[in-house]
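If you want the building blocks of each chain, they are given just below.
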Amino acid sequence: MRVPVLTEKKIKSICHHRGVSVSFFTDTVRLPNGKKAVRDYMGHPGAVTILPFLDRKRVLLLRQYRYPVAETIVEIPAGKIDAGERPLACARRELLEETGYWPKSIKKTLSFWPTPAFANEVMHVYTAWDLEFKGAGTDEDEFLEPFPVEFAKAVRWVKEGKIRDAKSIATLLAVEAFGWNPYG
């Protein structure tokens, strides 16, 4: 069986905006059939998301207002990877900043592209447990409320549409489906 060539080759790239967290590009590409096309996309340095288990049954979620959707949403701790930072170090840092907990045990469970049609962001997912409370230290422009909830209830909230955030949905359902709960 012959595998078709599907790769597009970049001819030219224009950066329209380079921001603190994201950049916006328009690239001209050569298609597999030789024709040209334009691809608009967002450049992103990558991010982590962490599902922190407080004990066998409970996880720690966050309530946070998200300006683009104009709602306070329920999500799991997450954050952007800083320049030169490794994903594991970012996961530990973000969990401490957003919840006040330091993970004595943490494991990478998967990585995924949240929106590969228009962004190059890679999301690295971690599960954390054996948490030690050290005190939160959120960024000065970050307002959120951590709260405990039973893992089964969080999964139910996904199914009921109460959790609509993609990273939280993907993480909660993957941990449930693949049995990645560190407590079994």
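Since the model is a prediction, treat every value here as computed from it, not as a measurement.

Chemist: Residue-level account of the packing of aromatic side chains, with values.
Modeler: Under the definition given, this model contains six aromatic pairs. Each ring, one from Phe-53 and one from Tyr-183, has its centre 6.4 Å from the other, and the planes form 65°; the classification is edge-to-face. With Phe-53 in the loop between strand 4 (47-52) and strand 5 (58-66) and Tyr-183 in the segment after helix 3 (166-178), the pair connects residues that are 130 residues apart, well separated along the chain. The buried category is assigned to Phe-53, whose relative accessible area is 0%. Ring geometry for Tyr-101 versus Phe-133: centroids 5.1 Å apart, planes at 70°, classification edge-to-face.

Chemist: Can you tell me about the pairing of strand 1 (residues 9-18), naming the residues and giving the values?
Modeler: Two elements, strand 1 and strand 2 (residues 23-30), share eight bridges in a ladder whose sense is antiparallel. Of the residues in strand 2, the one forming a bridge with Lys-10 is Val-29. In this antiparallel pair of consecutive strands, strand 1 and strand 2, the connection spans four residues.

Chemist: I'd like a description of the pattern of salt bridges, backed by residues and values.
Modeler: Any two side chains of opposite charge can pair, on the condition that their charged atoms come close. The full count for this structure, using the stated rule, is 14 salt bridges. Ionic pairing is found between Arg-93 and Glu-97, a salt bridge with its closest N-O pair at 3.3 Å. Pair noted here: Arg-93 and Glu-97 are both in helix 1 (residues 87-99), with a separation of four residues, about one helical turn. Among the residues examined, Arg-93 registers a relative accessible area of 22% and is labelled partly exposed.

Chemist: Can you tell me about the nonpolar core, naming the residues and giving the values?
Modeler: Counting residues in each nonpolar core, the largest one holds 17 residues, and the members touching the most others are Leu-51, Val-59, Leu-61, Phe-151 and Leu-172. Of all elements in the fold, only strand 5, strand 10 (144-150), helix 2 (151-160) and helix 3 reach the threshold of two or more residues within this core. For this core, the element with the most residues is helix 2, which contributes five residues. The contacts of Leu-61, once residues within four sequence positions are left out, are Val-74, Glu-75, Ile-76, Glu-145, Pro-146, Phe-147, Val-149, Ala-154, Trp-157 and Ile-163. The next biggest cluster of nonpolar side chains, apart from the first, holds 10 residues, and it includes Ile-81, Ile-106, Tyr-126 and Leu-131.

Chemist: How would you summarise the sheet that holds strand 4 if you had to cite specific residues and measurements?
Modeler: The strand order 7-4-9-8 describes an open sheet built from four strands, whose pairing is mixed. A single partner strand is all that each edge strand has here, and the edge strands are strand 7 (78-80) and strand 8 (101-112). Going across the sheet, the axis of each strand differs from the next one's by a mean of 25°, ignoring polarity. Direction of pairing for strand 8 relative to strand 9 (residues 123-133): antiparallel, over a ladder of 10 bridges. Residue pairing across strands places Trp-102 opposite Glu-132, the latter belonging to strand 9. Sheet strands touched by helix 1: strand 4, strand 7, strand 8 and strand 9. Its angle to strand 8, the strand with the most contacts, is close to 125°. Those strands touched by helix 3 are strand 4, strand 7, strand 8 and strand 9, and its axis lies near 50° from that of strand 4.

Chemist: How would you sum up the sheet that holds strand 3 (residues 36-43)? Please name residues and give values.
Modeler: The sheet built from three strands is open, its strands ordered 1-2-3 with antiparallel pairing. Of all strands in the sheet, those bounded by a partner on one side alone are strand 1 and strand 3. Pairwise comparison of adjacent strand axes, ignoring direction, gives a mean angle of 20° for this sheet. Examined bridge by bridge, strand 2 and strand 3 share eight bridges and lie antiparallel to one another. Bridge pairing in strand 3 links Thr-26 to Asp-40.

What counts, and at which threshold
- Residues numbered from 1 in each chain as written.
- Predicted model: local features only at pLDDT ≥ 70, side-chain atom pairs only at ≥ 80, totals over all residues.
- Heavy atoms only, no water.
- Phe/Tyr/Trp six-rings, centres within 6.5 Å; stacked < 30°, edge-to-face > 60°.
- Helix = DSSP H or I, 4+ residues; strand = E, 2+ residues; numbered from the N terminus.
- Buried < 20%, exposed > 50% of the residue type's maximum accessible area, 1.4 Å probe, protein only.
- Pairing = 2+ DSSP bridges.
- Salt bridge = Lys/Arg side-chain N within 4 Å of Asp/Glu carboxyl O.
- Core = buried A, V, L, I, M, F, W, Y, C linked by side-chain atoms within 4.5 Å.
- Contact = heavy atoms within 4.5 Å.
- Axes fitted to C-alpha atoms, helices over the stretch in contact; angles between N-to-C directions.

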